[in-house]
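For reference, the chains in residue letters:
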Amino acid sequence: EQEIRRIATENPGDVAANLDVIRFVKSTKGDEAAAIELEQLIEKNPEVVDYRFALASLAEADNDDERAMVILGSIIDRARTVEDELAARNKLAQLHFSRGDFSEAEEQAYIVLDIDPASTDALIIIGAIHIDAGEIDAAIANLRSSIRQQPRSVRAALLLAKAHEINGSMELAEDRFAAAFRFSDEAPRVGLVYAQFFIRHGELSRAERLLEKMSIKNPDNKDVLKMLADVKLRRNDWVAAEELAEKLKTLDSEDSDGYRISGAALAGLQSPEESVSEFEKAYEVTPEAGEAMQSLVQAYLRDGDVDKAERFLTNVLASSQSNYLASTLLANIKFRKNEPENAVKLIRD
């Protein structure tokens, strides 16, 4: 830290050197300490917008959207160049969009397009808003315009893929998903979206091949392993799913998904007692996870232990009366036991 600070102190006008200090402080002392450093830099250098952009990004990462918007507004108000204003308005539009404030996002994006009709970020936002509104042809037109300006945009390719999929043009959708994956240098977050496309359309073998390739390149990525394991379960490859579950538990013993997948695999391998035990562990690790609770109840019912399932859910509701899923599952059991009045009361509640 001393060395990084020395470089920044000796070069006070070097924005990159000062931002190096911020990144280091963020990684070692946290977001709050980094924000304080940035505020001090802004006070000393009010004309340097890069520090304000960094502070807005920090606020956004901390889920403080209101503060991020105020900071971006201050950049727009004091912008000395058109580029700074456009960058701030595009970020503001994206923030509004992520919050579901589509009219505000659209307003900012169109202001940008009035100034720069070729702005890729604004065209992408407009395209996303058209998709949300079901105006698919308009979305495709805007996104194609964006791609002409920035051919390797991952975000534009993903949105265009989504638009083509909604439109029923599966070959075009697949082409754009594949392109986005390539443009991202095969980033797992993009590959998972690509794999979900195959899963949605029942092409499990293709999803499996893609995920296996990703798991070789990213052996410790839990999201990749989980999706691959779920595909293995869908294909009744119980042994492979169990192996992946064990790896997940090794990577993170507090993640309930490893136990959930193991429980499902063991049920497929006709080991009911071990399966129930794994589902119980999944619930113990994260009792607030609905999927873990549902899997455990289903395991009890599969094992013919209806009373145990009922006792379990009753205990859950005793400590958490507003647990919607527990009430629903218990209502199903009440119907199963021919107790319709109790079931209806639970559903009405």
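See the structure shown above.
Read on for an overview of the structure.

Calculation rules
- Residues numbered from 1 in each chain as written.
- Predicted model: local features only at pLDDT ≥ 70, side-chain atom pairs only at ≥ 80, totals over all residues.
- Heavy atoms only, no water.
- Helix = DSSP H or I, 4+ residues; strand = E, 2+ residues; numbered from the N terminus.
- Rg over C-alpha atoms; globule rule 2.2 N^0.38 Å.
- Buried < 20%, exposed > 50% of the residue type's maximum accessible area, 1.4 Å probe, protein only.
- Areas by Shrake-Rupley, 256 points an atom, 1.4 Å probe, with all protein chains shown as cover.
- Lys, Arg positive; Asp, Glu negative; His and termini not counted.
- Charge placed at Lys NZ, Arg CZ, Asp CG, Glu CD.
- Phe/Tyr/Trp six-rings, centres within 6.5 Å; stacked < 30°, edge-to-face > 60°.
- Expected span 1.5 Å × (residues − 1).
- Arc of directions from axis to C-beta.
- Contact = heavy atoms within 4.5 Å.
- Polar contact = N/O pair within 3.5 Å; in protein donor to acceptor, adjacent residues only side chain to side chain.
- Axes fitted to C-alpha atoms, helices over the stretch in contact; angles between N-to-C directions.
- Parallel < 35°, antiparallel > 145°, perpendicular 65-115°, else oblique.
- Left-handed = near helix turned anticlockwise from the far one by under 90°.
- Nonpolar A, V, L, I, M, F, W, Y, C, P; charged D, E, K, R; others polar.

Turning next to the overall build of the chain. When you go through the chain residue by residue, the secondary structure sums to 21 helices and zero strands. Scaling as 2.2 N^0.38, a compact globule of 349 residues should have a C-alpha radius of gyration of about 20 Å, whereas the chain reaches 26 Å, well beyond that. Projecting the C-alpha coordinates of the chain onto the three principal axes gives extents of approximately 70 × 50 × 45 Å. A burial count over the chain gives 47% of its 349 residues as buried. Per element, the accessible surface of the chain, about 18500 Å² overall, is 47% carbon and sulfur. Computed over 43 positive and 65 negative side-chain charges, the inter-centroid distance for the chain is 3 Å.

Okay, the packing of aromatic side chains next. A full pass over the atoms with the stated rule returns eight aromatic pairs. Ring geometry for Y194 against F198: centres 4.9 Å apart, planes inclined by 35°, an arrangement best described as tilted. Here the residue Y194 and the residue F198 both occupy positions in helix α12 (residues 188-200), the gap between them amounting to four residues, near one helical turn. In terms of burial, Y194 and F198 fall into one category: buried. A network of ring pairs unites the aromatic residues F177, F181, Y194, F197 and F198 as a single cluster.

Attention now moves to helix α3 (residues 31-44). Over its 14 residues, α3 runs 20 Å from end to end, which matches the ideal 20 Å to within 8%, given 1.5 Å per residue. For α3, the full list of buried residues reads A34, A35, E37, L38, L41 and I42. Buried residues of α3 fall within an arc of 160° about the axis and therefore sit on the same side. Turned more than 90 degrees away from the buried face of α3, the exposed residues are E32, E43 and K44. Against the buried residues of α3 lie α1 (2-10), α2 (15-29), α4 (49-61) and α5 (65-78).

Take D257: it is sitting in helix α16 (residues 256-268). On the accessibility criterion, D257 (18% relative accessible area) is buried. Within polar-contact distance, the side chain of D257 engages the side chain of R260 at 3.2 Å.

Quick look at the packing of helix α6 (residues 82-98) against helix α7 (residues 102-115) now. Orientation of α6 relative to α7, taken along the N-to-C sense of each, is 160°, at an axis distance of 7 Å. Looking at the two axes, α6 sits roughly antiparallel to α7. When you trace α6 past α7, the crossing you get is left-handed. Contacts between α6 and α7 involve V82, E85, L86, R89, N90, L92, A93, H96 and F97 from the former and F102, E104, A105, Q108, A109, I111, V112 and I115 from the latter. Residues that form the contact of α6 with α7 fall into these classes: eleven nonpolar, three polar and three charged.

Structural measurements only, silent on function.
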